[in-house]
Amino acid sequence: MTKHLGVHPEFRLNGVSYDAEDLSNQANTFCQSSDLIQKELGVFLADWLSDSKTISLHTSGSTGAPQQITADKSKLIASAQATIAFLNLKPKQTALLCLPLKYIGGKMMLIRAMVVGLWIDVVSPTATPFQGVDCYDFSAVTPYQLQNSLPNLYKIKQLLVGGAPVSPDLGKAVKGCDTEIYETYGMTETFSHVALKNLSNGESSFTALPGISFGTEDGCLVVYAPHLSDKPFKTNDVVELISESCFVWLGRADHVINSGGVKLHPEQIEKQLSKLFDAPLMVFGIPDAALGQSVAVAFEGSFPQGASKIIKNTDLLTRYEKPKNLYCLSQFVRRNDKLIRHKTIEQLGKQSL
């Protein structure tokens, strides 16, 4: 077991106290469970408490195809400590983990708990995670979970919201809430968030966590985090830089669709739809009050006959990938036979969006 990975003496997991050795043994038991949540929990804990100084993380695909990266465990601990300091988390505070352990958000909830000594419970990552649970000091959700948890927010004192941008309507809905609700900004490569925005106070800008500073390059955010990386993190996010520690997020420079925290690549969806339709088509995201964005498709020329029904019934796409809105444009905007997406979307906006 890696010596530098201690477990805080006040740490509790699902009501049980563990030191590092006990937790490692329990992880092996979890790995044998037929319950998917326990199995994922066991796999992560076994990996985290192993002799290796590194751990594998899976990016969600915001800036390209999902990929696996290797991270020093010490960097994740440094990230956890920054959040702990910002939120003033203390030993024996209660926490609820209701995010998938596959991604960095769920992993970091557990790491923070082990570092500071939280009493953390793990539940299934449902759309309504706060139904039927007790009150907690701290938790983290996606915007979709937040949207579906508005009646139960009184159960959580401090709440992180990440995985996708929070829509303006959802931000308005939680403004003035007694719960401290923070929208997060970050990515797998920065080992969770590097900045937070207080939605319950109606803040419009993100504030850096301790040890973080910001700059821009070609209008896109650059993150300087010496405790996380020797090199700056260059992003595809267009921002208005207010200061070295504060920025307003304006949007993505790329065209990945972020629907309820699920990152969808238009080119992949188009490839499947092209098996169903001969007409040229383009997939893109449109604003959605609940999900942030939803998938839409535009056909060039005319609507294929029965397009809506065909999309609804196809097995080539997951339910997240199936376009909810269908449009038509007489001619897409192209340059050297290459589709110019943002210009085409502008033309659609003039007609029907």
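For clarity, every value in this text was computed on a predicted model and none was experimentally measured.

Calculation criteria
Residues numbered from 1 in each chain as written. Predicted model: local features only at pLDDT ≥ 70, side-chain atom pairs only at ≥ 80, totals over all residues. Heavy atoms only, no water. Buried < 20%, exposed > 50% of the residue type's maximum accessible area, 1.4 Å probe, protein only. Helix = DSSP H or I, 4+ residues; strand = E, 2+ residues; numbered from the N terminus. Pairing = 2+ DSSP bridges. Salt bridge = Lys/Arg side-chain N within 4 Å of Asp/Glu carboxyl O. Axes fitted to C-alpha atoms, helices over the stretch in contact; angles between N-to-C directions. Parallel < 35°, antiparallel > 145°, perpendicular 65-115°, else oblique. Left-handed = near helix turned anticlockwise from the far one by under 90°. Contact = heavy atoms within 4.5 Å. Nonpolar A, V, L, I, M, F, W, Y, C, P; charged D, E, K, R; others polar.

Peer 1: How should I be thinking about the pairing of strand β4 (residues 68-72) in this particular structure?
Peer 2: On any regular strand, side chains alternate: one points to one face of the sheet, the next to the other face. Here β4 shows a buried face lined by I69 and A71 and an unburied face lined by Q68, T70 and D72. In this sheet, β4 lies alongside strand β3 (residues 54-58) in antiparallel orientation, the contact comprising five bridges. Paired with T54 across the two strands is D72, which belongs to β4.

Peer 1: Quick question: what am I supposed to make of unusual backbone geometry here?
Peer 2: Of all residues except glycine, most have a negative phi; of all peptide bonds, most are trans. The phi torsion at N14 lies on the positive side, around 50°, for a residue other than glycine. Residue placement: N14 occurs in the loop between β1 (12-13) and β2 (16-17). For N14, a relative accessible area of 38% corresponds to the partly exposed category. One non-glycine residue, D218, lies in the positive phi region at around 55°. The residue D218 is located in the loop between β12 (213-217) and β13 (220-224) in this model.

Peer 1: Looking at this model, I keep getting lost on the pattern of salt bridges. Mind explaining?
Peer 2: Charged atoms that come close allow side chains of opposite charge to pair. Scanning the model with the defined rule gives eight salt bridges in all. For K157, the salt bridge goes to D137, with nearest N and O atoms at 3.4 Å. Residue K157 is found in strand β8 (residues 156-161), and its partner D137 is found in strand β7 (residues 136-141); the two are separated by 20 residues along the sequence. A single salt-bridge network, built from bridges that share partners, covers E267, E270 and R341.

Peer 1: When you look at the packing of helix α2 (residues 36-48) against helix α4 (residues 104-116) in this model, what are you seeing that I'm missing?
Peer 2: Any two packed helices are characterised by the angle at which their axes cross and by the distance between the axes. As a packed pair, α2 and α4 sit with axes 11 Å apart at the nearest point and diverge in direction by 55°. When the axes of α2 and α4 are compared, the pair comes out oblique. By crossing handedness, the relation of α2 to α4 is classed as right-handed. In this structure, α2 uses L41, F44, L45 and W48 to contact α4, whose residues at the interface are K107, L110, I111 and M114. Here the residues of the contact of α2 with α4 sort into seven nonpolar, no polar and one charged.

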